[in-house]
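Descriptive analysis of the structure
Below, each chain spelled out in residue letters.
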Amino acid sequence: MPAAPRIAPQQLFQPEEWAPFQSRSAVAGPLLVLHCWGVIALAVALGIWIPWLIPLSVMIIGTRQLGLAILMHEAAHGGLSRNLRLNDFLGHWLCAVPVGASLASYRPYHLAHHRFAQQAEDPDLILSAPFPVSPASLRRKLIRDLTGQTFFKQRVALPLAARAQAARLREPNVSATNTDDHAYEALVTGKSILPFLLVNAGLLAAFSLAGVWWAYFALWLLPMATWFPMVTRIRNIAEHACVEGSAEDAFRAARTTRANWLERAFIAPYWVNFHAEHHLFMHVPCWKLPTLHRAVHTRSEGERMEVAGGYAEVLKRATTGRETDAAAAG
């Protein structure tokens, strides 16, 4: 079972150069979680105060819901706090659960992705392997996201599949190898559904007590069902799709996308666009990735990294070479 290629920091940096990237802040992670919820709260208030700005609020909130998922990812690497209990509490209850995830289920899944990045055993390979696709295929995927179909699959269909799968596994002579291709995803989603429902019931109660019950549906659930899945898909495409040599070269395991302020606000919060650097040295905290990007690119090896000029460029690459719709169904 081949693992993804790796390099040691000492191959690029002197000890004194690498030392700043190893240090962990006691406050940066909690402040990022506070910032994320603060932006969500301000966008909710904006939508309540000026209802015709609700579409803008939906985009902001949906992006920060992705931000919560990104901070859960940071917690999976132990990056939100030097205190492991605080790291896991923040990552699970304040980041993962509100958007329907589970830190305990996500962590082993994600670390397997790092270990086998772009190898056959990579659990995320299914997200990048189909690309490039036709422009029509990508449009259909984005339409499914924006119309809530992806949300329905993740929040309703997969949990129901998880229950059915669990029942099957309890039957005699049925093993995990007999399950369908989405069994693991269904089981992970199923494990997180009850906390998700409880937290969201609490949010609905809070909105109701404030006299704006409708805001839960328009300014929390609607972003989660529409904008959040779409920007999550775009982020997934940007990270690994259509990167040549990604299975053989540690410097090409992922793509970094140069994001302007608008893209950071509506697509890629919390430095998630620096994904090549994250795969190169996965324990560097996310807020240090821009500095790491600059440091790596002072070395000749940095020239081998895949760097895109923006998300429009990434989507163009992801839809190049598959112009026939029949070649890319779905």
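Model, not experiment: these values are computed from the prediction.

1. Re the environment of A205
By secondary structure assignment, the location of A205 is in helix α9 (residues 183-209). C-alpha separation for the pair A205 and Y216, spaced 11 residues apart in sequence, amounts to 9.0 Å.

2. Points about the confidence of the model for the chain
Detailed conclusions should not be drawn from predicted coordinates in areas where pLDDT is low. In this model, the chain carries an average pLDDT of 89, and 86% of its residues clear a pLDDT of 70 or more. Across residues 174-188 the pLDDT falls below 50, and counting only partners more than four positions away or on other chains, this stretch makes 19 contacts in the model. Within the model, pLDDT remains below 50 along residues 322-329, and this stretch shows 19 contacts once partners closer than five positions in the same chain are excluded.

3. Concerning the side chain of D145
Note that D145 resides in helix α7 (residues 135-146). Residue classification places D145 among the buried residues on the basis of a relative accessible area of 0%. Within the structure, D145 has its side chain in polar contact with the side chain of T150 (distance 2.5 Å). Look past the residues within four positions of D145 in its chain and what remains in contact with it is T150, A225, T226, P229, M230 and R233.

4. Observations concerning the packing of aromatic side chains
As enumerated under the stated definition, the model contains 10 aromatic pairs in all. With 5.5 Å between their ring centres and 40° between their planes, W18 and F21 make a pair best called tilted. Taken together, the positions of W18 and F21, both in helix α1 (residues 15-22) and 3 residues apart, correspond to about one turn of that helix. The exposure classification of W18 matches that of F21, with both residues buried. Taken together, the aromatic side chains of F13, W18, F21 and F281 make up a single cluster linked through ring pairs.

The rules we used
- In this convention, every chain numbers its residues from 1, walking through the sequence in written order.
- In view of the model being predicted, local features appear only for residues whose pLDDT reaches at least 70, and side-chain atom pairs are presented and counted only at 80 or more, with totals across whole chains, interfaces and linings using the full set of residues.
- Excluded from the side-chain calculation are hydrogens and water; included are all heavy atoms of the structure.
- Helix and strand definitions here come from DSSP, where helices need a minimum of 4 consecutive H or I residues and strands a minimum of 2 consecutive E residues; each element is numbered from the N-terminal end.
- Per residue, pLDDT captures the predictor's confidence, and it can take any value from 0 to 100.
- Throughout, a contact is declared for two residues whenever any of their heavy atoms are within 4.5 Å.
- Each residue is placed in one exposure class: buried if its accessible area under a 1.4 Å probe, protein chains only, is under 20% of its type's maximum, exposed if it is over 50%, and partly exposed if it falls in between.
- The definition of a polar contact used here is a pair of N or O atoms within 3.5 Å, where within protein one atom must be able to donate a hydrogen and the other to accept one, and adjacent residues in sequence count solely through side-chain atom pairs.
- Ring pairs are drawn from Phe, Tyr and Trp, using the six-membered ring of Trp, whenever the two centres fall within 6.5 Å, and their geometry is named by plane angle: stacked under 30 degrees, edge-to-face over 60, tilted for the rest.

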